[in-house]
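Here is what each chain is made of, one letter per residue.
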Amino acid sequence: MKDGGYNLDSLNILNNLANVYGGGIACYSSNLIINDCKISYNQCSSGENNRGGGIYFSSDGELTVLNTEIANNIAEETGGGIRLNNGQGQHQNFTNVTFYGNNSNEGSAIYSNEGYHIDILNSIFWTNIGNETIYFQANGRTLSIDYSDLEGGVELINLTGGASGNFGENIINTDPLFCNPDSSDFTLYNNSPCLGTG
C-alpha cells in the first residue's frame with residue numbers, strides 16, 4: 001500500500017512471507033486504519049534488513065490499530081509485530097491491541113525508529129521474544145502507555161535517541177489469562193486482571 005488512505009476491517013492476515021519488509025502488511029506514505037483484524041504467523045527473513053514481521057509502516061501518514069490481534073509474527077532484525085520507520089511527528093495509535101508471541105532481535109512487539117509519537121491504551125503485550133518488548137528511538141517524541149498489561153513492565157521498553165516516555169499509573173505486569181493462546185484464542189477468562197480495569 002502506498003500514497004493513499006486505507007481501511008482494513010475484520011480481516012485475517014495470516015501465514016505470509018516477505019523477503020525484507022512487512023511480512024503481513026507493508027504501507028508507505030499513507031493513512032491506515034486497522035480494525036478487528038488478526039495479523040498472525042507472518043514472517044520476513046531473507047538474511048538482512050528484515051523489518052516488521054506483522055506490519056511495516058513507513059514515512060508520513062497515520063496508523064491507527066483497534067481491536068486487533070498481532071500474534072506470532074517474526075522479523076529476524078527489528079519489529080516482530082510492527083516496525084515503524086521515518087515518521088514526521090505523527091501520532092500512531094494502538095487501542096485494544098493484543099501483541100502476543102512476536103519474535104525479533106530488537107523490538108519484539110514494536111520497533112519505532114525516527115519521528116513518530118506512539119499512544120497505547122487498553123492493550124496487552126505478552127510472551128513476545130526479543131531484547132525488549134518496545135524499542136522507541138525518536139528525538140523529542142513521546143511514547144505514551146496506560147491501562148495496559150505489559151509483561152516485564154516498563155523495564156522492557158528501550159527509550160533511546162532523545163525519546164521520552166509517558167507511562168500511566170494503570171500499567172500492570174500480570175498474566176492476562178488468555179483462554180487458549182496456543183490455539184490463537186485470546187479471549188480472556190472471567191477472572192482476568194485485564195477485565196474491568198480500563
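Preceding block: the structure.
Residues numbered from 1 in each chain as written. Predicted model: local features only at pLDDT ≥ 70, side-chain atom pairs only at ≥ 80, totals over all residues. Heavy atoms only, no water.

Engineer: Before we go on, may I ask you to explain the overall build of the protein chain in this structure?
Structural biologist: Of regular secondary structure, the protein chain possesses 0 helices and 24 strands. Expected size for 198 residues packed as a compact globule is a radius of gyration near 16 Å; at 15 Å, the protein chain falls within 12% of this value. Along the first, second and third principal axes, the C-alpha set of the protein chain runs to 45 × 35 × 30 Å. For the protein chain, the residues scored as buried account for 47% of the 198 residues in total. Long-range contacts, defined here as pairs at least 24 residues apart, represent 73% of the contacts in the protein chain between residues at least 6 apart. (Helix = DSSP H or I, 4+ residues; strand = E, 2+ residues; numbered from the N terminus. Rg over C-alpha atoms; globule rule 2.2 N^0.38 Å. Buried < 20%, exposed > 50% of the residue type's maximum accessible area, 1.4 Å probe, protein only. Contact = heavy atoms within 4.5 Å.)

Engineer: Where do I start with the side chain of Thr78 in this structure?
Structural biologist: Note on placement: Thr78 falls in strand S10 (residues 74-78). Leaving out residues up to four positions away in the same chain, Thr78 has contacts with Asn50, Arg51, Gly52, Arg83, Ser104, Glu106 and Tyr111.

Engineer: Would you mind going over the packing of aromatic side chains with me for this structure?
Structural biologist: Centre-to-centre distance and the angle between the planes together describe a pair of aromatic rings. This model, assessed by the stated rule, comprises 9 aromatic pairs. Geometrically, the ring pair formed by Tyr28 and Tyr56 is tilted, given 5.7 Å between the ring centres and 55° between the ring planes. Note that Tyr28 is positioned in strand S4 (residues 25-28) and Tyr56 in strand S8 (residues 55-58), a separation of 28 residues in sequence. Judged by its relative accessible area of 3%, Tyr56 is buried. Aromatic side chains Phe99 and Phe125 sit 4.6 Å apart centroid to centroid with 5° between the ring planes, which places their arrangement in the stacked category. Of this pair, Phe99 sits in strand S12 (residues 91-100) while Phe125 sits in strand S16 (residues 124-126), and the two are 26 residues apart along the sequence. (Phe/Tyr/Trp six-rings, centres within 6.5 Å; stacked < 30°, edge-to-face > 60°.)

Engineer: In this structure, what is going on with the nonpolar core? I would like to understand it.
Structural biologist: As a rule of thumb, soluble globular proteins bury nonpolar side chains together. Within the largest apolar cluster, 33 residues are counted, with the highest numbers of intra-cluster contacts made by Ile34, Phe94, Phe99, Ile110 and Ile120. Residues Ala71, Tyr100, Ile124 and Phe178 belong to the second largest nonpolar core, which totals 6 residues. (Core = buried A, V, L, I, M, F, W, Y, C linked by side-chain atoms within 4.5 Å.)

Engineer: How do you make sense of the sheet that holds S10 when you look at a structure like this?
Structural biologist: Either a parallel or an antiparallel arrangement is found when strands of a sheet pair, and the pairing is made through backbone hydrogen bonds. With respect to topology, 4 strands assemble into an open sheet ordered S3-S7-S10-S13, the strand pairing being parallel. Of all the strands in the sheet, the pair left with one neighbour each is strand S3 (17-18) and strand S13 (103-106). Relative to S10, strand S7 (residues 43-44) runs parallel, the two sharing 2 bridges. Residue pairing in the sheet places Gln43 in a bridge with Ile74 of S10. (Pairing = 2+ DSSP bridges.)

Engineer: Looking at this structure, I do not really get the pattern of salt bridges. What am I missing?
Structural biologist: Opposite charge on two side chains allows them to pair when their charged atoms are near. One pass over the structure, following the stated rule, counts 1 salt bridge. Close ionic contact of Glu77 with Arg51 constitutes a salt bridge, the shortest N to O distance being 2.9 Å. You can see Glu77 sitting in strand S10 and its partner Arg51 sitting in the loop between S7 and S8, a full 26 residues away along the chain. The class for Glu77 is partly exposed, based on a relative accessible area of 26%. Looking at Arg51, the relative accessible area reads 17%, which means it is buried. (Salt bridge = Lys/Arg side-chain N within 4 Å of Asp/Glu carboxyl O.)

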